[in-house]
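Here is what each chain is made of, one letter per residue.
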Amino acid sequence: MKRILFIPLLIIPFLGFGQGWTNHFGNNNTNNEGYSVRQTNDGGYIITGYTYYNTLGGKDVYMIKTDEFGIEEWSKKYGGIYDDHGRSIEQTNDGGYIIVGDIYDISSNSDIFLIKTDDYGDTLWTKTFGSNYGDFGRSVKQTSDNGYILTGYKDYNTSSPQNQDLILIKTNLVGDTL
């Protein structure tokens, strides 16, 4: 009798732990890609990438907040009428989020696109950093002074694949360069 009772007591603590899951976002009428995911302070997840569901024809930065089981709580889209991509996302010290990626203009030039949101994904401010060449944002982190450090690259649009430079940008709390 003691052995039968002992086995279930060993198994019960492990039920439900370590269970995996898979979720999909979007439908057959959209083209969605995710580039960055981070766990949030509440145990859920935040994702960025792009969605091709812009009624004006271009891709938009896509941000999805899920619970700890990957169930969508809310989603937001950001950008203009041309292609925009979210490449990296972080939760910030104030509970909001910071996204870096790329935003394109009518001449197909891209600039680095920095988006700061509140904890529900509502835009607080956006900044662009660029030149006459293609500028692409790839990673962002909040710094100890509550500003942001972001990196990416500049593409000089030549036929040579060795014609790109790394970019490092430091901003203050509201995204202005120092």
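Predicted model only: the values in this text are computed from it and were never measured. (Residues numbered from 1 in each chain as written. Predicted model: local features only at pLDDT ≥ 70, side-chain atom pairs only at ≥ 80, totals over all residues. Heavy atoms only, no water.)

**Description of the environment of G70**
Where we set the bar: The way it works is that DSSP assigns letters per residue, a run of H or I at least four long becomes a helix, a run of E at least two long becomes a strand, and they are numbered from the N terminus. Relative accessibility under 20% of the residue-type maximum defines a buried residue, over 50% an exposed one, and the middle range a partly exposed one, all with a 1.4 Å probe and only protein chains included. Contacts are residue-level and defined by heavy atoms, with any inter-residue pair within 4.5 Å sufficient.
Inspection of the secondary structure assignment puts G70 in the loop between β3 (60–66) and β4 (72–78). What makes G70 buried here is its relative accessible area of 3%. Each C-alpha atom of the pair G70 and T22 lies 7.6 Å from the other, and the pair is 48 residues apart in sequence. When residues no more than four places from it in sequence are discounted, the contact partners of G70 are W21, N23 and F25.

**What about the confidence of the model for the protein?**
What counts is decided by this rule: pLDDT measures the predictor's confidence residue by residue and takes values from 0 up to 100.
Residues of the protein with pLDDT of at least 70 account for 83%, and the chain-wide mean is 87. Below pLDDT 50 for its whole length, residues 5–15 participates in zero contacts with residues either more than four positions away or in separate chains.

**Let's talk about the pairing of strand β6 (residues 97–104)**
Within a regular beta strand, the side chains point alternately toward one face of the sheet and then the other, so they alternate between its two faces. For the record, the criterion: Pairing between strands is defined by DSSP: at least two bridges between them are needed.
Where burial is concerned, most of β6 is hidden: seven out of the eight residues are buried. Between strand β5 (residues 84–91) and the antiparallel strand that follows it, β6, lie five residues; G95 among them carries a positive phi value of about 90°. With eight bridges connecting them, β6 and strand β7 (residues 110–117) associate as antiparallel partners. Looking across to β7, one finds that G101 is bridged to F113. Where β6 hands over to β7, the hairpin turn is made up of five residues, of which S108 adopts a positive phi near 65°.

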